[in-house]
Amino acid sequence: MSAALLETEALTRRFGGLTAVDDVSIGVRAGQIHAIIGPNGAGKTTLVGMVCGRVRPSAGRIRFEGRDITRTPAWRRALAGIVYTFQVTSIFRALSVRENVALAARRRLMHSPARWLHLDPMALEDRVDAALGTLDLREQEHRPAGELPYGHQRLLEVAMALALEPRVLVLDEPAQGLAEHEIDTFCERVREISSRATVILIEHNIDVVLRLSSHITVMDRGRIIADGDPASVEADPGVQRAYLGRR
Ligand SMILES: Nc1ncnc2c1ncn2[C@@H]1O[C@H](COP(=O)(O)OP(=O)(O)OP(=O)(O)O)[C@@H](O)[C@H]1O
Ligand SMILES: [Mg+2]
């Protein structure tokens with residue numbers, strides 16, 4: 001049997017006549033950086049949306065630690081440690097960087113029916129400090145989030161997710177908007193995060209993907225066209241045609 005921490009089995013999502021995710025089975029192993037790549041519209045965001053509970057599957061199953069979570073609500077998955085960042089920025093622009101991180105942690109936990117769980121304020125502040133530190137945002141913590149350059153707003157969202165101490169962290173295009181010289185540091189940070197959490201990374205920058213990931217799933221028009229270690233995926237002729245060649 002596979003030792004996957006998180007698995008999808010024949011996962012499918014239709015939107016009207018369009019099958020956005022078509023019969024997708026993947027296994028994400030603990031401790032990995034598992035990249036999901038593919039052209040625009042391939043179904044990447046929809047796939048992770050189902051993994052996180054934001055999008056309802058039309059068919060198929062999702063398992064986390066061997067347990068079926070296909071029908072588990074998103075808040076309960078978040079409490080279990082499946083945390084994601086949106087592809088589209090979802091920060092509060094007028095609030096400070098720090099307030100955004102604190103709010104994310106509090107909001108996710110407090111909006112759940114498990115809000116009666118006692119939340120120690122000091123522990124929360126420690127989490128916020130750690131999350132901001134990991135993304136190098138401490139120096140900017142009192143700035144309104146809306147004043148940060150776009151790429152740094154994306155990093156802020158990663159910090160917001162980290163404050164929840166995820167076990168599986170889903171990053172949907174986190175490096176979007178970063179300058180070339182910021183990419184190295186970004187890769188280091190993701191690697192650091194991956195020592196504490198399993199990372200599912202959706203990313204269009206193929207250099208980032210090849211540098212970071214231990215496993216790559218390639219999607220095209222809803223289906224998996226390749227799945228394996230970076231070297232084998234990079235050498236796959238179908239991948240070259242469908243994805244790498246188009247870049
Ligand atoms: N809520 C929705 N309603 C209708 N169609 C949708 C919806 N969400 C996604 N789609 C469609 O499903 C397909 C897959 O979209 P998805 O956003 O998952 O792709 P993606 O691989 O994340 O693309 P990108 O790289 O551009 O982010 C697209 O054709 C998209 O238009
Ligand atoms: Mg997407």
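Just above, that's the structure.
Residues numbered from 1 in each chain as written. Chains lettered and ligands numbered in written order. Predicted model: local features only at pLDDT ≥ 70, side-chain atom pairs only at ≥ 80, totals over all residues. Heavy atoms only, no water.

*Asks:* Could you give an account of the pairing of strand β1 (residues 4-15), with specific residues and numbers?
*Replies:* As judged from the 3 bridges shared by β1 and strand β3 (residues 27-29), these two strands associate in the antiparallel manner. Paired with Glu7 across the bridge in β3 is Gly27. Relative to strand β5 (residues 59-64), β1 runs antiparallel, the two being bridged by 5 bridges. Each residue of the ladder has a partner; that of Glu7, found in β5, is Arg63. Both β1 and strand β2 (residues 18-24) contribute to a ladder of 4 bridges, which runs antiparallel. Considered in β2, the bridge of Arg13 is made with Val21. Where β1 folds back on β2, the antiparallel hairpin that results is connected by 2 residues, among which Gly16 adopts a positive phi of roughly 60°. (Pairing = 2+ DSSP bridges. Helix = DSSP H or I, 4+ residues; strand = E, 2+ residues; numbered from the N terminus.)

*Asks:* Can you break down the sheet that holds strand β8 (residues 168-172) residue by residue, with the values?
*Replies:* Spatially, β7-β8-β9-β4-β10-β11 is the arrangement adopted by the 6 strands of the open sheet, whose pairing is mixed. Two strands lie at the open edges of the sheet, namely β7 (82-85) and β11 (223-228), each paired on one side alone. Averaged over all adjacent pairs, the angle separating strand axes in this sheet is 15°, with direction ignored. Note: β7 against β8, 4 bridges, orientation parallel. Opposite Thr85, over in β8, you have Leu171 as the bridge partner. Together, β7 and β8 form the strand contacts of helix α5 (residues 150-162), whose direction differs from that of β7 by roughly 165°. (Axes fitted to C-alpha atoms, helices over the stretch in contact; angles between N-to-C directions. Contact = heavy atoms within 4.5 Å.)

*Asks:* Go over the pattern of salt bridges with me, naming the residues and quoting the values.
*Replies:* Enumeration according to the criterion identifies 20 salt bridges in this entry. With its nearest N and O atoms 3.5 Å apart, the salt bridge here joins Glu7 to Arg63. Separated by 56 residues along the polypeptide, Glu7 in strand β1 and Arg63 in strand β5 bring together distant segments of the chain. Residue class for Arg63 comes out partly exposed when judged on its relative accessible area of 22%. Between Arg189 and Asp136 there is a salt bridge; the shortest N-O distance is 2.9 Å. Of this pair, Arg189 sits in helix α6 (residues 180-194) while Asp136 sits in the loop between α4 (121-134) and α5, and the two are 53 residues apart along the sequence. Asp136 gets classed as partly exposed once you look at its relative accessible area, which sits at 41%. One salt-bridge network, in which partners are shared between bridges, spans Arg98, Glu125, Asp129, Arg138 and Glu141. (Salt bridge = Lys/Arg side-chain N within 4 Å of Asp/Glu carboxyl O. Buried < 20%, exposed > 50% of the residue type's maximum accessible area, 1.4 Å probe, protein only.)

Just geometry here; none of it tells us what the structure is for.
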